[in-house]
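Spelled out from the first residue to the last, the chains are:
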Amino acid sequence: MGNVVMNASVSVDGFIAAENDDPGPLFEWLVSGDVPLDDSGVLNVSQASYDHIRPYWDQIAVTIAGRHVFDITDGWDGTPPSGVDHVVVVTHRPAPEDWDPNAPFHFVDGVEAAVAKAKELAGGRTVEVAAGDVGGQVFAAGLVDEVRMDVAPVVLGSGKRYFGSVDAQHLLEDPDVVVQGDRVLHLRYQVRR
């Protein structure tokens, strides 16, 4: 079975966005390089970031996100981001009334149900969990295998926390990947069991 990976760009002080959801300069590294990361013509990173990120993106089959992220992205217009096959949305509300029922989005109530559905859909490939409140809930429930952080050299001071409202201690192994890109430090940790 594939891993469940929590991932996001994050400030040095642990925030993934300001309170108003503005990521500010956290994604600067995604547009300041000279190597195309995908076919969008927008994402260009350093060679070191490409060598780290592209193989990881190619492994992701399903992304788990919360309803808030779904809403602020307008559901990615019904197309999962970054070439992902499916998105599982954790929500207590039904899909929007005008939502295409054939879009590869699945609305579930609760993080355990989200991980179960995502693993079923992933077929042994990687399940990515967006960091933040839902990611923190999945992490606190012991359902995350790996934590990836793309640390941008900025201090936001306040905002949306990478681990959401997690308030208990959780141990990670030493970082097994440390890659320096331009305007970013890529880190990967296995979750200690």
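See the structure above.
The text that follows walks through the structure, step by step, so that each part is easy to find. Please read these numbers as outputs of a predicted model, since none were measured by experiment.

For the rest of this paragraph, the subject is the packing of aromatic side chains. Applying the stated criterion to the full structure yields eight aromatic pairs. Considering the side-chain rings of tyrosine 162 and phenylalanine 163, the 4.7 Å spacing of their centres and the 70 degrees angle between planes classify their relative orientation as edge-to-face. In this structure phenylalanine 163 comes out as partly exposed when scored by relative accessible area, which is 22%. What links up through ring pairs into an aromatic cluster is the set Phe70, Trp76, Trp99, Phe105 and Phe107. The ring of tyrosine 56 carries the charged tip of arginine 148 above its face, separated from the ring centre by 4.0 Å.

Let us look at the environment of histidine 92. You can see histidine 92 is positioned in the loop between β6 (86-90) and β7 (105-108). A distance of 2.4 Å separates polar atoms of two side chains, one belonging to histidine 92 and the other to aspartate 109.

Glancing now at the environment of tyrosine 189. As for its placement among the helices and strands, tyrosine 189 is situated in strand β12 (residues 184-190). On the basis of relative accessible area, tyrosine 189 is assigned to the buried category, the value being 18%. Placed 14 residues apart in sequence, tyrosine 189 and proline 175 show a C-alpha to C-alpha distance of 4.6 Å. Once residues within four sequence positions are removed from consideration, tyrosine 189 is found in contact with Asp145, Glu146, Val147, Met149, Leu172, Glu173, Asp174, Pro175 and Asp176.

Under the counting rule described, the total for this entry stands at one cavity of 30 Å³ or more. The volume enclosed by the largest cavity comes to roughly 30 Å³. A per-class count over the lining of the largest cavity returns four nonpolar, no polar and two charged.

Criteria and cut-off values
Residues numbered from 1 in each chain as written. Predicted model: local features only at pLDDT ≥ 70, side-chain atom pairs only at ≥ 80, totals over all residues. Heavy atoms only, no water. Phe/Tyr/Trp six-rings, centres within 6.5 Å; stacked < 30°, edge-to-face > 60°. Buried < 20%, exposed > 50% of the residue type's maximum accessible area, 1.4 Å probe, protein only. Lys NZ or Arg CZ within 6 Å of the ring centre and 35° of its normal. Helix = DSSP H or I, 4+ residues; strand = E, 2+ residues; numbered from the N terminus. Polar contact = N/O pair within 3.5 Å; in protein donor to acceptor, adjacent residues only side chain to side chain. Contact = heavy atoms within 4.5 Å. 1 Å grid on protein atoms, 1.4 Å probe; cavity = no way out; pocket = protein on both sides within 12 Å on 5 of 7 lines; lining within 4 Å. Points joined across faces, edges and corners; volume = space filled by probe spheres on them. Nonpolar A, V, L, I, M, F, W, Y, C, P; charged D, E, K, R; others polar.

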